[in-house]
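What the coordinates show
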Amino acid sequence: MPNVSHDTLHGFLPGRPKALNRALDLLDLGIPPGVTTETLPTDASGAPKMFTRSMDSVLRVVRPDGREPFILLVEAQTGVETKKETSWPYYIAYLRDRYKLEVVLLVLCVDMATAAWAARPLCTGLGRPTQVTVPHVLGPSNVPRMSRIQDASADLDFAAFCLWIHSNDPDIEGILTVVGEALAQDTDREARDDLAGLIEDGLGSEHARKIWRNLMETLFTPRRGTIVGDARLAGQEEGLKEGLEEGRVAGKAEQLLRLMERRGFSMTEETRQRVTTCTDMPLLDLWFDRAIDATTLDEVFAGHSATGRVPAPARSPEHTAVPSQGLRAPGSSTT
């Protein structure tokens, strides 16, 4: 089932042509550097839509040498899913028929067993195969492991991609430290902070996320005991809690919208406004949990007023009484 880590993994390279080019180099396809990309629809349901068929990321890749573009289908696999053995051949046939271009299937895997499964040829037919699908796979065995700060600093986007692929490495703390140290050297603070957040989203295990958060606090937060550090912290701490909470709420709203889109719900502007303007974190969490299994948007939002607030539970009289006054019999008065 799609999750934040899965979506970050396949959705990262399409927006970063330089890192994408380096990933394609690992496949030895002979694609020269300097590609440009166009994001294409991921709906492969066909018509009529009996049920939703959604691919991960689909790109039209334009080569810098003037040769014909090709379609790149990027699928992220954090584990073995046997249903993909029939889905992938269908996706390729669908894209080939729709765009009349060559199609390359790239499967991104975070462990050796999943990579070995994904690399197997998928054949169908009697006697001899009628159709053969052989995915290209990037996994821990053919993606470089970042072990030097200077290598990570040379291309932070590609370093983040490599980090996710090796997220199950026994020495994940060492890899995270290398990438964190490289990221801390980036002078573009806004871009640095954005990438740091994306890296956390792409980490599949809570253990790795905890290590990363600790690194970010150590590397990016000024230390106390210095004039500059104390001055910066004094101005930051007052709004830190507010900012963190606002960020958590906005992030949860974004995740909820993405989940509902991935589930195939019809998203109106009113629905989007309802989610993005909600500032109640527990309510957003409730909607998110419901959206995982719900079949309609009514099931997601059921039982709440237009304000989007969860009604407070009824409280017994002894909890609502004012302690200093106690309970009084009807008709009694105070002096």
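A few points on the structure. (Residues numbered from 1 in each chain as written. Predicted model: local features only at pLDDT ≥ 70, side-chain atom pairs only at ≥ 80, totals over all residues. Heavy atoms only, no water.)

1. Digging into the overall build of the chain
Applicable threshold: Only DSSP runs of H or I reaching four residues or more are called helices, and only runs of E reaching two or more are called strands; each is numbered from the N terminus. When accessible area is computed with a 1.4 Å probe and restricted to protein chains, residues below 20% of their type maximum are described as buried, those above 50% as exposed, and intermediate ones as partly exposed. In this analysis, two residues are considered to be in contact whenever any of their non-hydrogen atoms come within 4.5 Å of each other.
Along the backbone of the chain there are 14 helices and seven strands. Looking at the chain as a whole, 39% of its 335 residues are labelled buried. At a minimum sequence separation of 6, the contacts of the chain that also span at least 24 residues come to 61%.

2. Here's the deal with the pairing of strand 3 (residues 70-77)
Remark: a regular strand shows side chains that alternate across the two faces of the sheet. Convention followed: Every crossover in which the path from the first strand over the helix to the second runs clockwise, viewed with the strands pointing away from the viewer, is termed right-handed.
Among the eight residues of strand 3, eight are classified as buried, and the element is accordingly described as predominantly covered. A two-sided burial pattern is seen for strand 3, the buried positions comprising Phe 70, Leu 72, Val 74 and Ala 76 on one face and Ile 71, Leu 73, Glu 75 and Gln 77 on the other. Since strand 3 and strand 4 (residues 103-109) lie parallel, the crossover through helix 3 (residues 84-99) that links them has a hand, and here it is right-handed.

3. Structural notes on helix 2 (residues 17-25)
For helix 2, the set of buried residues is Ala 19, Leu 20, Asn 21, Ala 23 and Leu 24. Contacts made by the buried residues of helix 2 are with strand 1 (36-39), strand 2 (57-62), strand 3, strand 7 (136-138) and helix 6 (156-165).

4. Details of the pairing of strand 4
The condition is simple: Pairing between strands is defined by DSSP: at least two bridges between the two strands are required.
The buried count for strand 4 comes to seven of seven residues, which makes it a mostly enclosed element. Across the two faces of strand 4 the burial is the same, with Val 103, Leu 105, Val 107 and Cys 109 and Val 104, Leu 106 and Leu 108 all buried. Where strand 3 meets strand 4, seven bridges bridge the pair, whose relative direction is parallel. The residue of strand 4 that forms the bridge with Ala 76 is Leu 108.

5. Things to note about the packing of aromatic side chains
Note the threshold: Ring geometry is summarised as follows: Phe, Tyr and Trp rings, the Trp one being its six-membered ring, pair when their centres sit within 6.5 Å, and such pairs are stacked at plane angles under 30 degrees, edge-to-face over 60 and tilted between the two.
Under the definition given, this model contains six aromatic pairs. Counting every residue linked through ring pairs, the aromatic cluster contains Tyr 90, Tyr 91 and Tyr 94.

6. Looking at the packing of helix 8 (residues 189-202) against helix 9 (residues 206-220)
Heads up, the condition is: An axis is simply a line fitted to the C-alpha atoms; with a helix, the fit covers only the stretch in contact. Between two such axes, the angle follows the N-to-C directions and lies from 0 to 180 degrees. Angles below 35 degrees are treated as roughly parallel, those above 145 as roughly antiparallel, those between 65 and 115 as roughly perpendicular, and all remaining angles as oblique. Crossing handedness is defined as follows: a turn of the near helix away from the far one that is anticlockwise and smaller than a right angle gives a left-handed crossing, while the clockwise case is right-handed. Three classes are used: nonpolar for Ala, Val, Leu, Ile, Met, Phe, Trp, Tyr, Cys and Pro, charged for Asp, Glu, Lys and Arg, and polar for all others, with Gly counted as polar.
Close contact between helix 8 and helix 9 brings their axes to 9 Å; oriented N to C, the two are set at 160°. Comparing the axis directions of helix 8 and helix 9 gives the class roughly antiparallel. Here the hand of the crossing between helix 8 and helix 9 comes out right-handed. Together, Arg 192, Asp 193, Ala 196, Ile 199, Glu 200 and Asp 201 of helix 8 and Arg 209, Trp 212, Arg 213, Met 216 and Phe 220 of helix 9 make up the contact between the two elements. Broken down by class, the residue content of the contact of helix 8 with helix 9 amounts to five nonpolar, no polar and six charged.

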